[in-house]
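# Coordinate analysis (summary)
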Amino acid sequence: MSCVMTKISLIFLCFFVVTSGVRADLVGPTPSEVYSQVMQIEKEVDLLRHYFGVDQEKKAAIYQGNLRPRHVWEKSYLIQVKINVLRKKIGLPRNEPNYIEPELSISSGMVFEQSQRLLTELRILKKRLGITEQVSPPQQYTGKQSIDVFNRLHYISYQLDVINREEINPNYVFAEVMRMFDDIASLLKMLHIRDQTYPPGKQKEVTPADSLAATFELLAEIQRLQKNVGIEQTDFSIFRKKEQVFPSDVFSLVSMALAELQTIKAYSELNHYVTPPAVTHERKKPNDVHQLLRWTTRMLRQIRSL
């Protein structure tokens, strides 16, 4: 009898654990701890740079502003994309960069997770290339903020351009804008809004500066919705450029817009809808990117309230 009661008790215990969910006190690494890991990423990229006989470094702007962990996380995603460019160049298949469910606010812990994924990917590349040299142990830092982590990742991103011997081109930018296009289409469907937009005319002469301006217009629409529902907005004016604009500048700002769009999805009923992965595109030009950005903005303008 006691044996039967024990089995029944175990069944109820298992049922309780399954139905109540697992609770845990998560440890949240600080931006300084994340910065320490990002510096390890930089060291690994330096090893790759020397392996490929690339001595020069590419200067990267140092931004000042109040960027949030979601923007840093998005920058780490762009680095995953550039690691894939390198994988293809050396004859390895592309890995799908990971993406997460939308949240109103992500923690530095999520950025820490990304740093570990990047380190793993880089160490896999070293193994496949036969690089046996190891980087020095991580240094401890204090007083670092999200913007400091962002700036180091921005620098690393530029060094990968040097290793790949190419900058991000319109094909990659177009692919990221298409991800936003799909997100907004899902928002319209969820809100029961019939999409009545159509693609604007494709302009013949388009520069990256035109696409950067179009991305700022798209961001303005996202921030309009954020303001309507009380989501704190971010000042992205640090990404405005008066000098020459490159596709990589557009790529970076598009990624910031995508990060901001996740807050809209998290606020709505799309909090479990993960942005679809990028699809490879070929022979895209700046005017293709510009046209798609303007079309995406038109779609978003149809949403007056959430």
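This text gives an overview of the structure that appears in the document. Worth saying up front: this structure is predicted, and the values here are computed from it rather than measured.

### Some thoughts on the side chain of histidine 154
By secondary structure assignment, the location of histidine 154 is in helix α5 (residues 146-164). Other than its neighbours up to four places away in sequence, histidine 154 contacts Ala60, Ala61, Tyr63 and Lys75.

### Considerations on the environment of isoleucine 238
With respect to the helices and strands, the residue isoleucine 238 is situated in the loop between α7 (208-228) and α8 (247-267). Residue isoleucine 238 is classed as partly exposed on the basis of its relative accessible area of 23%. For isoleucine 238 and isoleucine 62, which are 176 residues apart along the polypeptide, the C-alpha to C-alpha distance reads 9.7 Å. Each residue touching isoleucine 238, except ones within four places of it in the same chain, is listed here: Tyr63, Gln64 and Leu67.

### A word on the nonpolar core
In terms of nonpolar packing, the biggest core is built from 73 residues, with Leu48, Ile156, Val173 and Phe239 touching the most fellow members. Mapped onto this core, the elements with two or more residues apiece are α2 (31-51), α3 (69-89), α4 (108-129), α5, α6 (170-190), α7, α8 and α9 (286-301). The residues contacting valine 173, other than those within four sequence positions of it, are Ile168, Pro247, Val250, Phe251, Val254 and Val289.

Parameters at a glance
- Residues numbered from 1 in each chain as written.
- Predicted model: local features only at pLDDT ≥ 70, side-chain atom pairs only at ≥ 80, totals over all residues.
- Heavy atoms only, no water.
- Helix = DSSP H or I, 4+ residues; strand = E, 2+ residues; numbered from the N terminus.
- Contact = heavy atoms within 4.5 Å.
- Buried < 20%, exposed > 50% of the residue type's maximum accessible area, 1.4 Å probe, protein only.
- Core = buried A, V, L, I, M, F, W, Y, C linked by side-chain atoms within 4.5 Å.

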